[in-house]
Structure formats: structure tokens, C-alpha cells
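Here are the chains, one letter per residue:
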Amino acid sequence: MKRKLYEYLGFRLTLIGWAARLGIDHDVLRLRLAKGWTVQRAFETPVDESERAAASEAFEARKAENRERTKAKVLEYKGEHRTVAEWSKKLGVPRITIDKRLRKGYSVGQCLGLEPIEFDNSWRCRKLTYKGETLTTREWADRLGVSLCQFCVRIRKGFPEELLFAKNRRHKRNDTSASQGK
């Protein structure tokens, strides 16, 4: 996360940097700036007790919010409740994988690897017809002597049929002719 820099007296520092340099609690500065104060006014105005109390409350609220956000996620699957870390240890699925799947909206069973995940492999299994012959993209790639990836790139780039279904024209270099001819 990129932190915002505040310019004051010709220097540019983060809010925490300015708080340390000026001897003012950074929560006080943050609250002042959130109220719409200018940087100069926020940095030069002496701190009173009411501001200190408000900053302390804001700090406690932010701390509670962070605690809530980082609280261990409990997942329930078929009546069994465990945290992500516990599921990870039990099933051998990395925690980061479970978290990524949760963010993508998979069901708990899919996140834990206990239910199949349906992938959209339509580009791999799509059937194409050329000159009366219908094959999958994988079969066409094999027949043409190109990788599946290369063939699918041809499709995505909108190659005309004669180029899309062109055989791979790369020739292997003949080592004997290269060493003989000058």
C-alpha cells in the first residue's frame, strides 16, 4: 500500500513521520485532516485534551476493527467447523489456496478441495469445422503440429482460416549442411 506524503516546510513525509517529528499523536493529525483542516493548520495547532481523547477513541476503534478483520475464519463443511488453518493442516491444502478460492466465491467444499471445481475450458474443448472435418482445438493443434496454446492464440487473434489451419512450417536446421556450406 502506498502511503500518502504530506508536504510542510519544504519536506515531504508520511503522516506518521510528521507525527514523530512534531511530537503530535498521528491519530490527532489524521482526525484533523479528516475534518478538512489544512496541513499547516493541522500541524501547527496545539493539541488539547479533547482531541487527545478523540484520537484515543479512534485508535481503539481502529484496533478493534483490525482484530475483527483478522479474526480466524471458521468454515463449516458437512457439520464440521474448523478454521482455515485447521482445514489446511487436516487436508494438506495450502491456506492461501483456500483463501483465494473463498475470494473467488467457490463453495466451502470446493475451497477445501473436497468437491470438484468446474473450470471453463471451452477454448480447449471447442470443436471447429474446417473443410468438412470437425475436431476439437486440441486435436487440430496436434494435427497441425503446433502447441495448443499457439493454436488458441491464432483463434483469439482472429486469424483467417487459411492461416488458422496452416501446418507448422518450421524446419529443423540441418547440422551437416550448416557445417559444409560456406
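It should be noted that the structure appears before, not after, this text.
Residues numbered from 1 in each chain as written. Predicted model: local features only at pLDDT ≥ 70, side-chain atom pairs only at ≥ 80, totals over all residues. Heavy atoms only, no water.

Student: How do you make sense of the pattern of salt bridges when you look at a structure like this?
Tutor: Between side chains of opposite charge, pairing is possible as soon as their charged atoms come close. Tallying each qualifying case throughout the model produces seven salt bridges. Between E49 and R52 there is a salt bridge; the shortest N-O distance is 2.8 Å. Taken together, the residues span about one helical turn, with E49 and R52 both in helix α4 (residues 49–69) at a distance of three residues. A salt bridge links E80 to R82; its shortest N-O distance comes to 2.5 Å. In this structure E80 comes out as partly exposed when scored by relative accessible area, which is 26%. One connected set of salt bridges, linked through shared partners, spans D27, R30 and R62. (Salt bridge = Lys/Arg side-chain N within 4 Å of Asp/Glu carboxyl O. Helix = DSSP H or I, 4+ residues; strand = E, 2+ residues; numbered from the N terminus. Buried < 20%, exposed > 50% of the residue type's maximum accessible area, 1.4 Å probe, protein only.)

Student: Got a minute to help me understand the packing of aromatic side chains in this structure?
Tutor: Think of a pair of aromatic rings as described by two things: how far the centres are apart, and how the planes are tilted against each other in angle. Summed over all chains, the structure comprises seven aromatic pairs. Ring geometry for Y8 and W18: centres 5.4 Å apart, planes at 80°, overall edge-to-face. Placement of the pair is Y8 in strand β1 (residues 6–8) and W18 in helix α1 (residues 15–22), with a sequence separation of ten residues. The class for W18 is buried, based on a relative accessible area of 2%. (Phe/Tyr/Trp six-rings, centres within 6.5 Å; stacked < 30°, edge-to-face > 60°.)

Student: Sorry, what's going on with the pairing of strand β6 (residues 133–136) here?
Tutor: Note on strand geometry: in a regular strand, side chains alternate between the two faces of the sheet. Both strand β5 (residues 127–130) and β6 contribute to a ladder of four bridges, which runs antiparallel. Note on β6: the bridge partner recorded for Y130 is E133. Connecting β5 to the antiparallel partner β6 that follows it, the hairpin turn spans two residues, and K131 within it adopts a positive phi of roughly 50°. (Pairing = 2+ DSSP bridges.)

Student: Teacher, can you tell me more about the nonpolar core here?
Tutor: The nonpolar side chains of soluble globular proteins are, as a tendency, buried together. Residues Y6, L15, W18, L29, L33, A42 and F43 are the most contacted members of the largest nonpolar core, which totals 13 residues. Elements with a contribution of two residues or more to this core: β1, α1, α2 (26–34) and α3 (39–44). If we ignore the near neighbours within four places in the chain, the residues touching Y6 are F11, R12, L13, T14, L15, W18, L33, V39 and F43. Among the nonpolar cores identified, the runner-up in size contains ten residues, and L135, A141, L144 and V146 belong to it. (Core = buried A, V, L, I, M, F, W, Y, C linked by side-chain atoms within 4.5 Å. Contact = heavy atoms within 4.5 Å.)

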